[in-house]
Amino acid sequence: MKSPLHTLGYKFLTRTLESDAEEKTGLSTLSRRGFLMLTASLSSCTAAAPLKPTGSSPAAPIKTASNSNYRTPPVQGAVPRNPDNNLGSDFSKNAGVTFSRVMVSGNYIALTFDDGPHPQNTPRLLDMLRARNVKATFYVIGRSVDLYPQIVRRTVAEGHEIGNHTHTHRLLSKLSDSEVRSELSRCRDAIGRAAGVQPRTMRPPYGGLLQRQREMVHAEFGYPTILWSVDPLDWKRPGPSVVTSRILSGTSAGGIVLAHDLHSQTVDAMPATIDGLLRRGFKFVTVSQLLAMKVESATAQTTVTAPTP
Ligand code: NI
């Protein structure tokens, strides 16, 4: 099946999108208190300690807005926009089990955001990305997808890719195979219910997944494990300018940038970060698109050739 969304890296489900009414009933599966505990305890994908399981109790469905009142500030001066592209996303020929960067011919990079959706920060980020025509990849937590399905639906509608970041963000390397399967399948199904698509890649919470588990996940789900080449440690909340400078100094062609839309500081850093990367000549693609353009190392362009300001 070919469609504009197909090129962005999705498998489509045969079922149709659920109605809003059905979505709202699904919201009762996690209390607001439970979500706040989850977000408060999510420190990082790279931190050593896994999340404590959160207790959940029945609660009234949460009314969620599809967007906050935030509007992207007007751009000062001439700022480049990401070029339109219609790149394929079929990476099946590139059968790697794990990627932390991709050898590509051209200044392509993938910006990734983990641990969302967040009811305020994710829509704010989506506004920023839309203003710049930048497509990113969101590694979402299934439990949060169940809370904010409208945000995931908007994310897909605006051309971004959704990846599987498990249902409850546990450290998978400590879990049994059946628990790993459950974590991934529950997140996959939540994404399907929310947006009618299936993820094609996964990122393990804290980057923790044994080689044996990675091979199992690849064989059973078809997911390559996606790590990262640039980690600004934004979850430590060093301030937006530090997040920006770390990403700008660490990014090179074929890179995969790790960030977290859970944190407001990270989102605050994105206008300067993205504008800086665009000025350096980088072109943003989704993770699946980046994987699909993998080349042999002999022909890869591994350094940035665009002039820096
Ligand atoms: Ni994470």
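The following paragraphs examine the structure supplied in this document. (Residues numbered from 1 in each chain as written. Predicted model: local features only at pLDDT ≥ 70, side-chain atom pairs only at ≥ 80, totals over all residues. Heavy atoms only, no water.)

1. Examining the packing of helix α3 (residues 121–132) against helix α9 (residues 264–279)
Thinking step 1. Viewed as axis vectors pointing N to C, α3 and α9 meet at an angle of 10°, and their least axial separation amounts to 9 Å. It follows from the interaxial angle that α3 and α9 lie roughly parallel. For the pair α3 and α9, contact is made by Asn121, Arg124, Leu125, Met128, Leu129 and Arg132 and by Ser264, Val267, Asp268, Met270, Pro271, Ile274, Asp275 and Leu278, respectively.
Thinking step 2. Considering only residue class, the contact of α3 with α9 consists of 8 nonpolar, 2 polar and 4 charged. (Axes fitted to C-alpha atoms, helices over the stretch in contact; angles between N-to-C directions. Helix = DSSP H or I, 4+ residues; strand = E, 2+ residues; numbered from the N terminus. Parallel < 35°, antiparallel > 145°, perpendicular 65-115°, else oblique. Contact = heavy atoms within 4.5 Å. Nonpolar A, V, L, I, M, F, W, Y, C, P; charged D, E, K, R; others polar.)

2. Some thoughts on empty space enclosed by the protein
Thinking step 1. Taken as a whole and judged by the stated rule, the model has 1 cavity of 30 Å³ or more.
Thinking step 2. Counted as a void, the largest cavity has a volume near 30 Å³.
Thinking step 3. Around the largest cavity, the lining residues are Gly116, Pro117, Thr122, Phe138, Val140, Val152, Thr155, Ile162 and Asp261.
Thinking step 4. Among the elements of the structure, β4 (137–140) and α5 (149–157) are those that each provide at least two residues to the lining of the largest cavity.
Thinking step 5. Classifying every residue of the lining of the largest cavity gives 5 nonpolar, 3 polar and 1 charged. (1 Å grid on protein atoms, 1.4 Å probe; cavity = no way out; pocket = protein on both sides within 12 Å on 5 of 7 lines; lining within 4 Å. Points joined across faces, edges and corners; volume = space filled by probe spheres on them.)

3. Topic: the environment of Gly255
Thinking step 1. Residue position: Gly255 is located in the loop between α8 (240–250) and β8 (256–260).
Thinking step 2. Along the primary structure Gly255 and Met103 are separated by 152 residues, whereas in three dimensions their C-alpha atoms are 8.5 Å apart.
Thinking step 3. In contact with Gly255, other than residues within four places in its own chain, are Arg101, Tyr108, Ile109, Ala110, Ser229 and Leu290.

4. Overview of the nonpolar core
Thinking step 1. Phe113, Phe138, Met270, Ile274 and Phe284 are the most contacted members of the largest nonpolar core, which has 35 residues in total.
Thinking step 2. Those residues within four positions of Phe284 in sequence are excluded, and the remaining contacts are Asn82, Asn85, Ile109, Leu111, Val134, Lys135, Ile274, Leu277 and Leu278.
Thinking step 3. Core analysis: the second largest hydrophobic core is formed by 18 residues, Val102, Val104, Tyr139 and Met293 among them. (Core = buried A, V, L, I, M, F, W, Y, C linked by side-chain atoms within 4.5 Å. Buried < 20%, exposed > 50% of the residue type's maximum accessible area, 1.4 Å probe, protein only.)

5. Remarks on helix α7 (residues 211–221)
Thinking step 1. Turning to α7, its buried residues number three or more, namely Gln213, Arg214, Met216, Val217 and Phe221. The buried side chains of α7 occupy one side of the element, clustering within an arc of 160° when seen end-on.
Thinking step 2. Once α7 finishes, Gly222 follows within two positions and takes phi at roughly 80°, a positive value. (Arc of directions from axis to C-beta.)

6. Overview of the packing of aromatic side chains
Thinking step 1. By the definition in use, this model includes 2 aromatic pairs.
Thinking step 2. Aromatic side chains Phe221 and Tyr223 sit 5.4 Å apart centroid to centroid with 25° between the ring planes, which places their arrangement in the stacked category.
Thinking step 3. Accessibility expressed as a relative area gives 13% for Phe221, which makes it buried.
Thinking step 4. Using a relative accessible area of 1% as the deciding quantity, one classes Tyr223 as buried. (Phe/Tyr/Trp six-rings, centres within 6.5 Å; stacked < 30°, edge-to-face > 60°.)

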